Amino acid sequence: MSKRVIAKSACLAVFAALAGCATGPGGGSIYVPIGGEERREAPQPPRADIPPEQSERVWRKSEQPAVSKPEPSGTRSPSYREAGDQLPAAALTLVQDADQRLRQGDSAGAIARLERAQRIAPRSAEVYFKLAEAYVAGDNLGAAEQFTLKGLSLAGNNERMQRSGWLLLADIRRARGNVAGADQAEARAAAL
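The model shown is predicted, which means the values in this text are computed figures rather than measured ones.

Reading the values: the criteria
- Residues numbered from 1 in each chain as written.
- Predicted model: local features only at pLDDT ≥ 70, side-chain atom pairs only at ≥ 80, totals over all residues.
- Heavy atoms only, no water.
- Helix = DSSP H or I, 4+ residues; strand = E, 2+ residues; numbered from the N terminus.
- Buried < 20%, exposed > 50% of the residue type's maximum accessible area, 1.4 Å probe, protein only.
- Areas by Shrake-Rupley, 256 points an atom, 1.4 Å probe, with all protein chains shown as cover.
- Expected span 1.5 Å × (residues − 1).
- Contact = heavy atoms within 4.5 Å.
- Polar contact = N/O pair within 3.5 Å; in protein donor to acceptor, adjacent residues only side chain to side chain.
- Axes fitted to C-alpha atoms, helices over the stretch in contact; angles between N-to-C directions.
- Parallel < 35°, antiparallel > 145°, perpendicular 65-115°, else oblique.
- Left-handed = near helix turned anticlockwise from the far one by under 90°.
- Nonpolar A, V, L, I, M, F, W, Y, C, P; charged D, E, K, R; others polar.
- Phe/Tyr/Trp six-rings, centres within 6.5 Å; stacked < 30°, edge-to-face > 60°.

Asker: Can you lay out the overall build of the protein for me, pointing to particular residues and giving the numbers?
Answerer: When its secondary structure is counted, the protein shows eight helices and zero strands. Relative to its 192 residues, the protein shows a buried fraction of 26%. Of the roughly 14200 Å² of accessible surface on the protein, a fraction of 54% belongs to carbon and sulfur atoms.

Asker: Summarise helix α7 (residues 159-175); cite the residues concerned and give the values.
Answerer: Taking 1.5 Å as the rise per residue, α7 with 17 residues should run 24 Å; its terminal C-alpha atoms sit 24 Å apart, in good agreement. Turning to α7, its buried residues are Met161, Gln162, Gly165, Trp166, Leu168, Leu169, Ala170, Ile172 and Arg173. The elements touched by buried residues of α7 are α5 (125-137), α6 (141-154) and α8 (179-191). Where α7 starts, the residue carrying a side-chain oxygen 3.3 Å from the main-chain nitrogen of Arg160 turns out to be Asn158. Once α7 ends, the next one or two residues include Gly177, with phi positive near 95 degrees.

Asker: Would you mind going over the packing of α5 against α6 in detail, with residue names and values included?
Answerer: Contact geometry for α5 and α6: axes closest at 8 Å, N-to-C directions at 165 degrees. One way to sum up the angle between α5 and α6 is to call them roughly antiparallel. In this structure, the crossing between α5 and α6 has a hand that is left-handed. Residues Ala125, Tyr128, Phe129, Leu131, Ala132, Tyr135 and Val136 of α5 pack against Leu141, Ala143, Ala144, Phe147, Thr148, Lys150, Gly151, Leu152 and Leu154 of α6. Per-class residue counts for the contact of α5 with α6 are 13 nonpolar, two polar and one charged.

Asker: Describe the packing of aromatic side chains, listing the residues and the values that go with them.
Answerer: For any pair of aromatic rings, the description consists of the separation of the ring centres together with the inter-plane angle of the planes. In the structure shown here, the tally under the stated rule is two aromatic pairs. Measuring from centroid to centroid gives 5.3 Å for Tyr135 and Phe147, while their planes differ by 5 degrees, and the two rings are stacked. In this pair, Tyr135 sits in helix α5 while Phe147 sits in helix α6, placing the two residues 12 residues apart along the sequence. Assessed through its relative accessible area of 13%, Tyr135 is described here as buried. Judged by its relative accessible area of 19%, Phe147 is buried. Through a chain of ring-to-ring contacts, three or more aromatic side chains come together here, namely Tyr128, Tyr135 and Phe147.

Purely spatial values, then, with no claim about function.
Below, the structure is given as structure tokens:
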């Protein structure tokens, strides 16, 4: 029995010694920076030698005065915000196939085709609106509303596309019971 007490005491002593080694000096962090001593302050950033006449004002990008450059007429191509993406031939074929599947009542097949078209043309508002229509046919109105909103964000300055998007959104919101949201969407469509 005394051998058992001695063995337990030895184990306890070993564990205590190991626990004491786990903490650093002073009980603080065990991290020691290069150089062997802890730093209390961050080093000063390097300074550039700027002539006094240039150091009067430092302009941040948000504070810079707006400079408008005259645009040559007719040479500027519209940005994606203004035009939206044109559908590539592969995406157009998938959209047409999805339309046919929707007419046949196969909303799951139409959604699968439209998701492929979305991967081909991710910035095309038309694909997102078609996806919304497919989700409406599949009775998933939440997803339909989200895809319509994404399509509206990509429609750019295309009024025809925006109008159809706002009307689609109004129909979806009305079907979800959001009459006030539907009225707002119809008002946005009428304003175009």
